[in-house]
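The lines below spell out each chain.
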Amino acid sequence: MRDNMLQVDHHDPENLSLLRFNALWESNYRNNSLLVFSTGRSPTLYKELRKEKPMLTPDITIMSVGTEITYGNSMVPDNGWVEFLNKKWDRNIVSEETSKFPELSLQSETEQRPHKVSFYVQKDKAQDVMKALATRLQERGLDVKIIYSGGMDLDILPQGAGKGQALAYLLKKFKASNKLPVNTLACGDSGNDAELFSIPDVHGVMVSNAQEELLQWHAANAKNNPKIIHATERCAAGIIQAIGHFNLGPSTSPRDVTDLSDSKMENFDPAYEVVKLYLFYERWRRAEVENFELYLANLKAVCCLSGIFVHPSGIEQSLHDAINSLKTCYGDKQGKQFRVWVDQVLPAQIGSESWLVSFKKWEQSGEAWSTLY
């Protein structure tokens, strides 16, 4: 199980760190692990971000600073979590008391959620406001948590909410059904991620671009904890670094492999082969493949003669014919912004030497995105 938003790097216009993580996850972890995104964003802003960045589809999504948990593609809510958060929470009282603080400025309507009230506050006034507000709300009979992050964001939640509590709730739920993950890696970059690293037996990584309030928390609370590291890599690249540091599994992304022509048939992995195929396809169209005849021969070697490629439209084509058709598009994206990635690569063995692999393929050409299921 891996937890947390994939540390989207807004300073990486080609999204290479995200794409590196995507290739690593889909080739090695999708079939036997859970990908959990945990974000302070509301569902509205989270969905907008997914339209802007090449993000994988998570198994579980934790949003609104740990106040909303959803499952799968359809984002089905966890009603048990909602019931838990309703204890000692009254949103109307929170709104009434916060209106008495002129230092607080409400965030957009999309960020106001059933169990989260969000404001902006100047950094030099944050601590005094938090202290006074906590006293007021306690006097009104509420048990709340006030989180300050990003140097400006102030969130008020039920005491039982938060990214850490949401993670603890999930782990407890998995344990009750005898599905507790062998390892959990939590990744963070802001103050509202701190409590993720307080959950017992969880490995943690603060990415190199972590914000000041998270670094201060680490220095005061976890400086000597060997299970929490401060990565030297930014964003999603820091997650890859942590997987390697803690020896949690493979940590070399297929995107970091220069020679994709080598196929080890004795350890054949259909998910890895699909990821590798579309990396080759990207490099092929970008004219980044030199010995292409060797590459094509190796591609055919891992595909049996009766292998079939089924287009989402229902049209079938032999795998060998599909590979041969690549010759017509070599270098047609040379010098252009063109990337390809796959999502939800799920292989199923249907014979002694045959597999059915379903996946979503995404292409980015300039600013435009397209997908095939």
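Quick note: structure is the one above.
To start, this report covers the structure provided alongside it. (Residues numbered from 1 in each chain as written. Predicted model: local features only at pLDDT ≥ 70, side-chain atom pairs only at ≥ 80, totals over all residues. Heavy atoms only, no water.)

What follows is about the overall build of the chain. Broken down by element type, the chain carries 11 helices and 17 strands. Taken over the C-alpha trace, the chain has a radius of gyration of 23 Å; the compact-globule value for 373 residues is 21 Å, and the two agree within 12%. When the 373 residues of the chain are sorted by exposure, 49% land in the buried category. Here the contacts in the chain between residues at least 6 apart in sequence split such that 62% fall between residues at least 24 apart. A distance of 2 Å separates the average location of the 41 positive side-chain charges in the chain from that of its 47 negative side-chain charges. (Helix = DSSP H or I, 4+ residues; strand = E, 2+ residues; numbered from the N terminus. Rg over C-alpha atoms; globule rule 2.2 N^0.38 Å. Buried < 20%, exposed > 50% of the residue type's maximum accessible area, 1.4 Å probe, protein only. Contact = heavy atoms within 4.5 Å. Lys, Arg positive; Asp, Glu negative; His and termini not counted. Charge placed at Lys NZ, Arg CZ, Asp CG, Glu CD.)

Okay, the packing of aromatic side chains next. Two measures describe an aromatic ring pair: the distance that separates the ring centres and the angle between the ring planes. Inspection of the entire model under this criterion finds 11 aromatic pairs. Measuring from centroid to centroid gives 6.2 Å for Phe-197 and Trp-217, while their planes differ by 40°, and the two rings are tilted. Here Phe-197, found in the loop between strand 10 (185-188) and strand 11 (203-206), pairs with Trp-217, found in helix 7 (residues 212-221); they are 20 residues apart in sequence, far enough to count as distant. Their ring planes at 5° and their centres at 6.2 Å tell us that Trp-341 and Trp-362 sit as a pair that is stacked. (Phe/Tyr/Trp six-rings, centres within 6.5 Å; stacked < 30°, edge-to-face > 60°.)

On to the layout of surface pockets. Taken as a whole, the largest pocket encloses approximately 1400 Å³ of empty space. Every residue lining the largest pocket is counted, 41 residues in all, and those nearest its centre are Val-274, Leu-277, Ile-308, Phe-309 and Leu-319. Every element with two or more residues in the lining of the largest pocket is listed here: helix 9 (270-285), helix 10 (292-301), strand 13 (308-310), helix 11 (319-324), strand 15 (338-351) and strand 16 (354-365). Class assignment of the residues belonging to the lining of the largest pocket gives a composition of 28 nonpolar, 9 polar and 4 charged. (1 Å grid on protein atoms, 1.4 Å probe; cavity = no way out; pocket = protein on both sides within 12 Å on 5 of 7 lines; lining within 4 Å. Points joined across faces, edges and corners; volume = space filled by probe spheres on them. Nonpolar A, V, L, I, M, F, W, Y, C, P; charged D, E, K, R; others polar.)

Moving on, we come to the pattern of salt bridges. Under the defined criterion, the tally for this structure stands at 21 salt bridges. Of the charged contacts, one joins Arg-20 and Asp-256 as a salt bridge, the two residues approaching to 2.9 Å between their closest N and O atoms. You can see Arg-20 sitting in helix 1 (residues 16-28) and its partner Asp-256 sitting in the loop between helix 8 (235-245) and helix 9, a full 236 residues away along the chain. Residue Asp-256 is classed as partly exposed on the basis of its relative accessible area, which comes to 38%. Lys-276 serves as the salt-bridge partner of Glu-273, at 3.4 Å between the closest nitrogen and oxygen. Here Lys-276 and Glu-273 lie together in helix 9, a separation of 3 residues that amounts to about one turn. Exposure remark for Lys-276: the relative accessible area of 5% places this residue in the buried category. Counted as one network, the salt bridges with shared partners bring together Glu-96, Glu-97, Lys-100, Arg-136 and Arg-140. (Salt bridge = Lys/Arg side-chain N within 4 Å of Asp/Glu carboxyl O.)

For the rest of this paragraph, the subject is the pairing of strand 16. In regular strands, side chains alternate between the two faces of the sheet. Where strand 15 and strand 16 come together, 11 bridges link them in antiparallel fashion. Looking at the pairing, Ala-348 lines up with Leu-356 of strand 16. If you look at the hairpin formed by strand 15 and strand 16, you'll find 2 residues sitting between the two strands. (Pairing = 2+ DSSP bridges.)

A few words on helix 10. An α-helical turn contains 3.6 residues, so any two residues separated by three or four positions project in the same direction. Within the sequence span of helix 10, burial applies to Tyr-295, Leu-296 and Leu-299. Axial view of helix 10: buried residues confined to an arc of 95°, hence all on one face. (Arc of directions from axis to C-beta.)

Quick look at the pairing of strand 10 now. Alternating positions in strand 10 separate into two faces, Leu-185 and Cys-187 on one and Ala-186 and Gly-188 on the other, with burial throughout. The sheet contact formed by strand 10 and strand 11 spans 4 bridges and is parallel. Bridging across to strand 11, Gly-188 finds its partner in Met-206.

Taking the relative accessible area as the measure of exposure, Glu-273 reaches 13% and is therefore buried. At a separation of 3.4 Å, a polar atom in the side chain of Glu-273 contacts the side chain of Lys-276. (Polar contact = N/O pair within 3.5 Å; in protein donor to acceptor, adjacent residues only side chain to side chain.)

Here 4 strands make up an open sheet; going across it, the order is 6-7-9-8 and the pairing antiparallel. With partners counted over all chains shown, the strands left at the sheet margins are strand 6 (105-106) and strand 8 (144-149), one partner each. The sheet contact formed by strand 8 and strand 9 (residues 153-158) spans 6 bridges and is antiparallel. Residue pairing in the sheet places Ser-149 in a bridge with Asp-153 of strand 9. Helix-sheet contacts for helix 5 (residues 123-139) involve strand 8 and strand 9, and the interaxial angle to strand 8 is about 175°. (Axes fitted to C-alpha atoms, helices over the stretch in contact; angles between N-to-C directions.)

The phi angle at Val-65 is positive, at roughly 55°, despite the residue not being glycine. As for its placement among the helices and strands, Val-65 is situated in the loop between strand 3 (60-63) and strand 4 (68-71). Of note, Asn-247 is a non-glycine position whose phi angle comes to about 55°, a positive value. We classify Asn-247 as exposed; its relative accessible area is 68%.

Let us look at the nonpolar core. Counting 25 residues, the largest nonpolar core has Phe-21, Leu-185, Val-205 and Ile-243 as its most contacted members. For this core, the elements supplying multiple residues, two or more each, are helix 1, strand 2 (35-38), helix 2 (43-52), strand 10 and helix 8. Sorting elements by how many residues they give to this core places helix 8 first, with 5 residues. Ranked by size, the runner-up nonpolar core spans 23 residues in total, among them Trp-284, Val-302, Cys-329 and Val-345. (Core = buried A, V, L, I, M, F, W, Y, C linked by side-chain atoms within 4.5 Å.)

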